[in-house]
Amino acid sequence: MASGGVSVASLWTEVNRCGQNGDYTRALKALSKILHESRDDVTALHCKIVCLVQNGSFKEALNVMNTHSKVLGSEVVFEKAYCEYRLNRVESALKTIEGAAEQTDKLKELYGQVLYRLERYDACKSVYTDLIRNSQDEYEEERKTNLAAVVAAMSQWEKAPSEDLGLPESTYELCYNSSCSLIGQGQFTEAFNKLQQAEELCRVSLADDSDVTEEDIESELAVIHSQMAYIMQLQGRTDEALQLYNQVIKLKPSDVGLLAVTANNIITINKDQNVFDSKKKVKLTNAEGVEYKLAKKQVQAIDFNKALLAMYTNQADQCRKLSSSLQSQNPGHPRPVLIQVAQLCREKQHSKAIELLQQFSDQHPESASEIKMTMAQLYLVQGHVTKACDVLRSIEEFKYKSGMVSALVTMYSHEEDIDGAIDVFKQAIEHYQSEQPGSAIHLALVREAANFKLKYGRKKEAISDLEQLWKQNTNDIHTLAQLISAYSLVDTDKAKSLSKHLPSADTMSFNVDVDELENSHGATYVRKKAAKVTGENLPKEQSQGEIKKKKKKKKGKLPKNCDPKATPDPERWLPMRERSYYRGKKKGKKKEQIGKGTQGAMAGASAELDASKTASSPPTSPRPGSASGSSTAPASNVVPPRQQKPAASGATRKKATQKKKKGGKGGW
């Protein structure tokens, strides 16, 4: 129909205008009207799918493609793969791309993203390298950034050696990826310097944009700061790292993956301390879509820390549930089993823990070394030293290591099993005799075995080891002396023949000052030197310079308010209540002073019975401090000058403090 044709044309004009303006919702309305007139219009269907993708309606777009798959055919392969990728159906997206009839550049770009998400880094690296070589457009910088990210991931997760691809570091993204590669290689200082360079480049690039605020810049820098904190944590600067991690958390960045990693790293710093803070931070690792933003090893580490946090917070059931789930997801990984064993040990179930370890060791021999070390530790905790030795000797990977030999010999010696310790030495020496004869570790083990046997009186057994050492170095006098000492108890003739190889006394003499040696700091006996006598033993007169100056005695400090002109109180040595001018307390009623003076004495009675205080009987002796035969008035009528006594504020404060202490709620 003519009218219908005009209507459809106007609708297409509307679609074109909305597409240029970015109004995809309005364009969808016009496209729905077009499809109502012509249901199988391929162009309209394709435009509808693009509009739905631009609006983020990936499920609806995928439904349209599946419904009209016969009509659309291979026209929308890229759109279908992209929708599957955005819906985290990565395996389906991979099949769609690999099944495409033609591999266009945009399909290759998406193919690289899919391979990166699947952690197939070698194939992803090849795709981006090919794209950079065979394409020249405005997206070249983004491709180089993605290639640098692939190299960094290979360095961190696969421990691949660093490879210089000649990528520039002109942007902060490229500089950041370069620092991640250095972290994977263990070059933390260089990586930190790269991150500082990336921060400067980021600030410079964003400062030119007038629409970008300081908060936007800090949000963009959050990933760089979090990586800086991670390097600090690896270097042992945990306080600085924790401060920087918390700054990133406060910014609340939109990247849930960044928040999860930062929170997890804070939990690892807290360990078994500050568990309440860790319980708050663990909620950030449970955000929706976190598992799609992180690598598998990152997700695995977060799950392990969740189980450990449940153990530290005494959530035994939760810990067992999480560790069992981890074990089912990672059947060959020893860490979930070790978490379960740690929980059992906290519950004092050591026997059950050992059974669990033994069962896992039998099922997964590739992880047996780590598991058996834990078993040996549990046996030692229970006091079963011999069982621990048997477990350690069954670890083929560490069986002949010098540290393992030393540990086994120490434990056998503790159990007084000298034969077991000698057997450990024997097996280790035989191993190195066949693998590395004459090497430093071989000769060191032989020497330690000989010393051990000599220590425990096994001189016959030590002879073969000493002979082996002496043949390696005939100039070793110490070994020769040990060999002669051992032979002296077994074969005296052999000892005499070997003694001929000892150097003469003249060649063994050293230029040693005996007097200096005896008088040295470490000497146990010091010979006393005789006093030198020159002429007559007469005391020499000391010169004026040698006479020590006598120290002047400091004058005592007088108390405050002291009048030096006034005569001192003659009764100042008596207690106040025994002085003649004491009048008692001013406040309150006068009470008899009971308990003052000697035991059983009373103040009133003693005053009445004291004949010296009556008026009729004159004093038989002068008062202390007064001249005998003086005709002046008695000293009791004169109040002498007294030194000012400080106020008893200390006692008052002490009582107040005691009252506050009894209350129980007062501050200290």
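Along each chain, residues carry numbers from 1 onward, in the same order as the chain's sequence is written. Only residues with pLDDT of 70 or above have their local features reported here, since the model is predicted, and side-chain atom pairs are shown and tallied only from 80 upward, although totals for entire chains, interfaces and linings are computed over all residues. The side-chain quantities take in all heavy atoms of the structure and omit both hydrogens and water.

With that settled, consider helix H24 (residues 402-414). We count a stretch as a helix when DSSP gives it H or I for four or more residues in a row; a strand needs E for two or more, and each element gets its number in order from the N terminus. Multiplying 1.5 Å by the residue count of a helix minus one yields the expected span of that helix. Here H24 contains 13 residues, and its C-alpha end-to-end distance of 18 Å stays within 8% of the 18 Å for a straight helix at 1.5 Å per residue. Three or more residues of H24 are buried, namely Met404, Val405, Leu408, Val409, Met411, Tyr412 and Ser413. Phi turns positive, to about 60°, at glutamate 416, one or two residues after H24. The buried label goes to any residue with under 20% of its type's maximum accessible area, the exposed label to any with over 50%, and the partly exposed label to all in between, with areas taken from a 1.4 Å probe on protein chains only.

Turning next to the environment of leucine 259. The residue leucine 259 is located in helix H15 (residues 256-270) in this model. Its relative accessible area of 13% is what places leucine 259 among the buried residues. In this structure, the C-alpha to C-alpha distance between leucine 259 and threonine 285, residues 26 residues apart in sequence, is 7.3 Å. The contact definition used throughout considers only heavy atoms, calling two residues in contact when any of these lie within 4.5 Å. Ignoring sequence-local partners within four residues, the contact set of leucine 259 consists of Ile249, Pro253 and Leu284.

A separate point is the side chain of glutamine 233. Structurally, glutamine 233 is set in helix H13 (residues 214-234). Those residues in contact with glutamine 233 that lie beyond four places of it in its chain are Ala241, Tyr245, Asn265, Thr268 and Ile269.

The subject of this paragraph is helix H3 (residues 42-54). With 13 residues, H3 extends 18 Å between its outermost C-alpha atoms, agreeing within 8% with the 18 Å of an ideal straight helix rising 1.5 Å per residue. The complete set of buried residues in H3 reads Ala44, Leu45, Lys48, Ile49, Cys51, Leu52 and Val53. One or two residues past the end of H3 sits glycine 56, with phi positive at roughly 85°.

UniProt positions are given in the numbering used here, feature names are shortened, and annotations may be inferred rather than shown by experiment. The UniProt record marks residues 222-255 with the feature "repeat: TPR" (unreviewed entry), using the residue numbering of this structure. Secondary structure across residues 222-255 comprises 79% helix and 0% strand; the distance between its end C-alpha atoms is 10 Å.

Another point: the packing of helix H12 (residues 188-207) against H13. The axes are straight lines fitted to the C-alpha atoms, using for helices just the contacting stretch, and the angles between their N-to-C directions are given from 0 to 180°. Orientation of H12 relative to H13, taken along the N-to-C sense of each, is 175°, at an axis distance of 10 Å. On the basis of their axis angle, the class for H12 and H13 is roughly antiparallel. Counting all contacts with H12, which are made through Phe188, Ala191, Phe192, Leu195, Gln196, Ala198, Glu199, Cys202, Arg203 and Leu206, the residues of H13 involved are Glu214, Ile217, Glu218, Glu220, Leu221, Ile224, His225, Gln227, Met228, Ile231, Met232 and Leu234. A breakdown of the residues in the contact of H12 with H13 according to their chemical character gives 14 nonpolar, three polar and five charged. Throughout, the term roughly parallel applies to angles under 35 degrees, roughly antiparallel to angles over 145, roughly perpendicular to angles from 65 to 115, and oblique to all others. Under the convention adopted here, Pro, Cys and the residues Ala, Val, Leu, Ile, Met, Phe, Trp and Tyr are nonpolar, Asp, Glu, Lys and Arg are charged, and Gly plus all remaining residues are polar.

In this section: the packing of helix H26 (residues 440-455) against helix H28 (residues 477-487). Remark: H26 packs on H28, axes separated minimally by 12 Å, with the N-to-C direction vectors making an angle of 35°. Crossing hand, H26 versus H28: left-handed. Taking contact as the criterion, the partners of Arg447, Asn451 and Leu454 in H26 are, on H28, His478, Thr479, Gln482 and Ala486. In this scheme the handedness of a crossing depends on how the near helix is turned from the far one: anticlockwise by less than a right angle means left-handed, clockwise means right-handed.

So, on to a negative patch on the surface. Patch construction takes residues with relative accessible area above 30% that form no salt bridge. Like charges are linked within 9 Å, and nonpolar side chains (Val, Leu, Ile, Met, Phe, Trp, Tyr) are linked within 5 Å. Here the accessible surface of atoms and residues is derived via Shrake-Rupley with a 1.4 Å probe, and residues count as covered only by protein chains that are part of the display. Any carboxyl oxygen of Asp or Glu that lies within 4 Å of a side-chain nitrogen of Lys or Arg is treated as forming a salt bridge with it. This count recognises Lys and Arg as positive and Asp and Glu as negative, with His and chain-terminal groups excluded. One atom stands in for each charge, and that atom is NZ of Lys, CZ of Arg, CG of Asp or CD of Glu. A grouping of Glu138, Glu141, Glu142, Glu173, Glu215, Asp216 and Glu220 is seen on the molecular surface, where their side chains present a negatively charged patch. Looking at the negative patch, the elements with two or more residues in it are helix H10 (140-157) and H13. Per element, the largest residue contribution to the negative patch is three residues, and it comes from H13. Among the secondary structure elements, glutamate 138 is positioned in the loop between helix H9 (121-134) and H10. Judged by its relative accessible area of 60%, glutamate 138 is exposed.

Take unusual backbone geometry next. The phi torsion at asparagine 88 lies on the positive side, around 65°, for a residue other than glycine. By the secondary structure assignment, asparagine 88 is in the loop between helix H6 (77-86) and helix H7 (90-98).

What follows is about the confidence of the model for the protein. The score called pLDDT rates the predictor's confidence residue by residue, from a low of 0 to a high of 100. Per-chain confidence: the protein averages 80 in pLDDT, with 78% of residues scoring 70 or above. Residue range residues 605-609 is modelled with pLDDT below 50. Its contacts to residues more than four positions away, or to other chains, number zero contacts. Contacts for the low-pLDDT stretch residues 613-668, under 50 throughout, to residues beyond four places or in other chains number 17 contacts.

On to the pattern of salt bridges, then. Tallied over the entire structure, the rule returns 17 salt bridges. The salt bridge partner of glutamate 109 is arginine 143, with a shortest N-O separation of 2.3 Å. Within this pair, whereas glutamate 109 is found in helix H8 (residues 105-117), its partner arginine 143 is found in helix H10, the two being separated by 34 residues in sequence. What makes arginine 143 buried here is its relative accessible area of 4%. One salt bridge in this structure joins arginine 203 and glutamate 218, with 3.2 Å as the shortest N-O distance. Of the two residues, arginine 203 sits in helix H12 while glutamate 218 sits in helix H13, which places them 15 residues apart along the sequence. Take arginine 203: its relative accessible area is 30%, and that puts it in the partly exposed class. In this structure, a network of salt bridges that share partners links the residues Glu199, Arg203, Glu214 and Glu218.

Bringing the packing of aromatic side chains into the picture now. To describe a pair of aromatic rings, you give the distance between the ring centres and the angle between the ring planes. Centres within 6.5 Å make a pair out of two Phe, Tyr or Trp rings, where for Trp the six-membered ring is used; the pair is then stacked when the planes are under 30 degrees apart, edge-to-face when over 60, and tilted otherwise. One pass over the structure, following the stated rule, counts five aromatic pairs. The interplanar angle of 65° and the centroid separation of 5.7 Å between the aromatic rings of tyrosine 116 and tyrosine 121 together place this pair among those described as edge-to-face. Residue classification places tyrosine 116 among the partly exposed residues on the basis of a relative accessible area of 34%. Ring geometry for phenylalanine 425 versus phenylalanine 452: centroids 5.8 Å apart, planes at 50°, classification tilted. With a gap of 27 residues between them, phenylalanine 425 in helix H25 (residues 418-435) and phenylalanine 452 in helix H26 connect regions that are remote in the sequence. Through a chain of ring-to-ring contacts, the aromatic side chains of Phe58, Phe78 and Tyr82 assemble into a single cluster. Cation placement over rings: the criterion is NZ of Lys or CZ of Arg within 6 Å of the ring centroid and within 35° of the ring normal. Taking NZ or CZ as reference, arginine 237 lies 5.8 Å from the ring centre of phenylalanine 192, over its face.

Bringing the side chain of threonine 313 into the picture now. Residue position: threonine 313 is located in the loop between helix H18 (296-312) and helix H19 (316-329). For this analysis, a polar contact is any N or O atom pair within 3.5 Å, provided that within protein one partner can donate a hydrogen and the other can accept it, and provided that sequence-adjacent residues contribute only side-chain to side-chain pairs. Within polar-contact distance, the side chain of threonine 313 engages the side chain of glutamine 315 at 3.0 Å. When near neighbours in sequence (up to four residues on either side) are disregarded, threonine 313 contacts Val275 and Lys279.

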